[in-house]
Amino acid sequence: MLKECEVLVIGAGPAGSSAAMTAAEGGASTLLIDRKKEIGTPVQCGEVVGETLLKSLKLNLPPGAKAMALDHTKFLLDRRIALTSREPYWKAVSLERKIFDKALAAKAAEAGAMVHADARLTDIEMRDGNVIEATIMHQGVETRVHPKVVIAADGVHSTVSRLMGVELFTEKAMAKGIEYEMVSNKRLPAGMQIFLEPEVGLGYGWIIPKGPRRANVGLAAIGLHGNRRDRLQEWLATNPMLMDMFDVDKVLEVKTGDAPLPGFLGGPRRGNVLFAGDAAGQTLAFVGEGIIPSYACGQGAGAVASAAVRQNDMSRLDCYERAIEDLLGNELSEGGDLKDSILEVWMDESIPAGDRTVLCGMLMSEVMFTDDLEEAKALLSMPQRAMVNTIKATLAKRKARATVSALHLR
Ligand SMILES: Cc1cc2nc3c(=O)[nH]c(=O)nc-3n(C[C@H](O)[C@H](O)[C@H](O)COP(=O)(O)OP(=O)(O)OC[C@H]3O[C@@H](n4cnc5c(N)ncnc54)[C@H](O)[C@@H]3O)c2cc1C
């Protein structure tokens, strides 16, 4: 039987566990629930986090959660151009998310929160815009609790959102993804590889090494039609680089999931409900980096919720948006701007599809910025060698820690 609580956190992903840990540390009686029987499993993620955010938040990874350090990112654009960035933003660490997520939930429990796996929110009762009762199915038993604050950290398909009638992410506002964890035929470079090409659609594909010969290989795209597994199989069977590196008969795990594009229409607070993580679209576009942003925003939600409970003043919940702004405002809004520019380029059908992916990749890798879009478009009319030389000159002028070369894989 679940016990009553002051703060109820739905979802024990990075957002929910950090929210519950912070709320419990702040002195609120806190209940963290997740519908999964084992927190962290199954994984629905590429499992990579940027080093810059990790460092700026001073987040120490739990023991065993780090899979591999990745010291560069290589962008492969339309099988024609390879851009390798060693800028700090493009250094990363791959994770074992099963270990990471479970360890975060354990930290919440150590901080004093009640934590329950196999506990699903099934219904809520609202009064005057606030949740006054939550119904939870816990190991087959239905319980009702009456929290003062609810933190909805229940992901892109948020049950809280749906039950409250708040607009959810539409098909156009989320990317559908699938990946295989695979064993490679060759030793992998210690870097992430990102593929932008028409074969992937409006999104990107990736190789994220988790060991010298083990990697997540997948793709995510907006409006991905048809069966996801077929799309990935087809990509693996037709992209020359993937064909060389991976054998479709060496698959350790299949992971699928949807990722929100940033920007939550209803705002991250509704009455006594704070939305955090994917449920609030708190991801960095266009890469869709959501693990650490969700963790950070969860902390913000937990701190604001416990302060409101401690002072018995629900108007304190108004501070949440400001807290997010202070924590990650720049990153979230820059990500939103980048997403808008990329979508604009992608929708411009006057540009051939392959060229659009080159342009989107130059924006995403920050070789070109939105202000340089006309300059970038001019590059497309050049022969490949002249294009590469011009990009080289731009990178040198900027003293960017990045290199560019021509690929001939079409
Ligand atoms: C294919 C793919 C690849 C990705 N790759 C990366 C990557 O490499 N790096 C990165 O930073 N981000 C990546 N992301 C995004 C990242 O996974 C998310 O941003 C992150 O997990 C969000 O954390 P969260 O805590 O908000 O939500 P989630 O991690 O989704 O957690 C939500 C939790 O809520 C629980 N829940 C849902 N409904 C209920 C309910 N009714 N009752 C109880 N519990 C409930 C779920 O079981 C789940 O555990 C990827 C996403 C996808 C889809």
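Residues numbered from 1 in each chain as written. Predicted model: local features only at pLDDT ≥ 70, side-chain atom pairs only at ≥ 80, totals over all residues. Heavy atoms only, no water.

Asks: Explain the overall build of the protein here, please?
Replies: Within the protein, the regular secondary structure consists of eleven helices and 20 strands. In terms of its C-alpha atoms, the protein occupies a principal-axis envelope of roughly 65 × 45 × 40 Å. When the 410 residues of the protein are sorted by exposure, 55% land in the buried category. Long-range pairs, those at least 24 residues apart, make up 70% of the contacts in the protein with a sequence separation of at least 6. When the accessible surface of the protein is totalled, it reaches about 17,400 Å², and 50% of it is carbon and sulfur. (Helix = DSSP H or I, 4+ residues; strand = E, 2+ residues; numbered from the N terminus. Buried < 20%, exposed > 50% of the residue type's maximum accessible area, 1.4 Å probe, protein only. Contact = heavy atoms within 4.5 Å. Areas by Shrake-Rupley, 256 points an atom, 1.4 Å probe, with all protein chains shown as cover.)

Asks: It is not clear to me how empty space enclosed by the protein should be interpreted in this structure. Could you clarify?
Replies: Where empty space is left becomes clear once a probe the size of a water molecule has been rolled over the atoms. Within the structure shown, the criterion is met by one cavity of 30 Å³ or more. Of the pockets and cavities examined, the largest cavity occupies roughly 30 Å³. Every residue along the wall of the largest cavity is listed here: Leu 76, Arg 79, Phe 195, Glu 197, Asn 239, Met 241, Leu 407 and Leu 409. In terms of residue class, the lining of the largest cavity is built from five nonpolar, one polar and two charged. (1 Å grid on protein atoms, 1.4 Å probe; cavity = no way out; pocket = protein on both sides within 12 Å on 5 of 7 lines; lining within 4 Å. Points joined across faces, edges and corners; volume = space filled by probe spheres on them. Nonpolar A, V, L, I, M, F, W, Y, C, P; charged D, E, K, R; others polar.)

Asks: I'm lost on the packing of helix H8 (residues 319-347) against helix H9 (residues 353-364) in this one. Help?
Replies: In a pair of packed helices, the angle between the axes and the distance between the axes together describe the arrangement. In contact at an axis separation of 9 Å, H8 and H9 are set at 170° when each is read in the N-to-C sense. By the angle between their axes, H8 is roughly antiparallel relative to H9. Of the residues in H9, those touching H8 at Leu 338, Ser 341, Ile 342, Val 345 and Trp 346 are Arg 356, Thr 357, Leu 359, Cys 360, Leu 363 and Met 364. Considering only residue class, the contact of H8 with H9 consists of eight nonpolar, two polar and one charged. (Axes fitted to C-alpha atoms, helices over the stretch in contact; angles between N-to-C directions. Parallel < 35°, antiparallel > 145°, perpendicular 65-115°, else oblique.)

Asks: Looking at this model, I keep getting lost on the site of the ligand. Mind explaining?
Replies: The environment of the ligand is made up of 33 residues, and the closest members are Asp 34, Gly 46, Val 48, Arg 97 and Asp 278. Here Val 48 contributes a backbone N or O atom positioned 2.7 Å from a nitrogen atom of the ligand. With respect to the ligand, the backbone of Gly 290 contributes an N or O atom lying 2.9 Å from an oxygen atom. Relative to its free-state accessible area of 1,000 Å², the ligand is covered by the protein chains to the extent of 93%. Counting only elements with at least two residues in the shell around the ligand, the list comes to helix H1 (14-25), strand E9 (119-127), strand E17 (246-260) and helix H7 (291-310). Taken domain by domain, the shell around the ligand gets at least three of its residues from each of domain 1 (7-42 + 98-169 + 264-335) and domain 2 (48-94 + 174-260 + 348-410). (Near = heavy atom within 4 Å. Polar contact = N/O pair within 3.5 Å; in protein donor to acceptor, adjacent residues only side chain to side chain. Domains from an automatic or database assignment.)

Asks: Sorry, what's going on with the nonpolar core here?
Replies: Nonpolar side chains in soluble globular proteins tend to be buried together. Ranked by size, the top nonpolar core spans 47 residues in total, and within it Val 7, Val 9, Phe 100, Ile 151, Leu 274, Ile 292 and Tyr 320 carry the most contacts. Elements represented by at least two residues in this core include exactly strand E1 (7-10), H1, helix H2 (51-56), strand E7 (92-95), helix H3 (97-110), strand E12 (149-152), H7 and H8. When residues of this core are assigned to their parent elements, the largest contribution, ten residues, is made by H7. Three or more residues apiece are contributed to this core by two domains, here domain 1 (7-42 + 98-169 + 264-335) and domain 2 (48-94 + 174-260 + 348-410). (Core = buried A, V, L, I, M, F, W, Y, C linked by side-chain atoms within 4.5 Å.)

Asks: Quick question: what am I supposed to make of the sheet that holds E1 here?
Replies: Here six strands make up an open sheet; going across it, the order is E8-E2-E1-E12-E19-E18 and the pairing mixed. Two strands lie at the open edges of the sheet, namely strand E8 (114-116) and strand E18 (269-270), each paired on one side alone. Note that E18 and strand E19 (residues 273-275) share two bridges and pair antiparallel. Residue Arg 270 lies in a different strand from E19, and its bridge partner there is Val 273. Against the sheet, H7 contacts E1, E12 and E19, and its axis sits at roughly 175° relative to E12. (Pairing = 2+ DSSP bridges.)

Asks: What should I look at first to understand the environment of Met 314 in this one?
Replies: The residue Met 314 is located in the loop between H7 and H8 in this model. Along the primary structure Met 314 and Lys 148 are separated by 166 residues, whereas in three dimensions their C-alpha atoms are 8.4 Å apart.

Asks: It is not clear to me how the sheet that holds strand E10 (residues 130-138) should be interpreted in this structure. Could you clarify?
Replies: Judged by pairing direction, the sheet is antiparallel, and its three strands sit side by side in the order E9-E10-E11 without closing on themselves. Only two strands of the sheet have a single partner each, and these edge strands are E9 and strand E11 (141-145). Neighbouring strand axes in the sheet, compared pairwise and without regard to direction, differ in orientation by 20° on average. Summarising the sheet, E9 and E10 pair through eight bridges and their orientation is antiparallel. Its bridge partner being in E10, Arg 127 is matched across the sheet by Asn 130.

Asks: Sorry, what's going on with the side chain of Ser 158 here?
Replies: Within the fold, Ser 158 resides in the loop between E12 and helix H4 (159-164). Among the polar contacts listed, one links the side chain of Ser 158 to the backbone nitrogen of Val 160, at a separation of 3.3 Å. In contact with Ser 158, other than residues within four places in its own chain, are Leu 168, Phe 275 and Ala 279.

Asks: Help me understand the pattern of salt bridges, please; the structure alone is not making it clear to me.
Replies: A side chain of one charge can pair with a side chain of the opposite charge if their charged atoms are brought near each other. For the coordinates displayed, the defined rule picks out 30 salt bridges. Note that Asp 78 and Arg 410 form a salt bridge whose closest N and O atoms lie 2.6 Å from each other. Here Asp 78, found in the loop between strand E5 (72-77) and strand E6 (81-85), pairs with Arg 410, found in the segment after strand E20 (402-406); they are 332 residues apart in sequence, far enough to count as distant. Judged by its relative accessible area of 4%, Asp 78 is buried. Of the residues examined, Arg 410 reaches a relative accessible area of 53% and is grouped as exposed. With its nearest N and O atoms 3.6 Å apart, the salt bridge here joins Asp 340 to Lys 339. Judged by its relative accessible area of 43%, Asp 340 is partly exposed. Classification of Lys 339 as buried rests on a relative accessible area of 14%. (Salt bridge = Lys/Arg side-chain N within 4 Å of Asp/Glu carboxyl O.)

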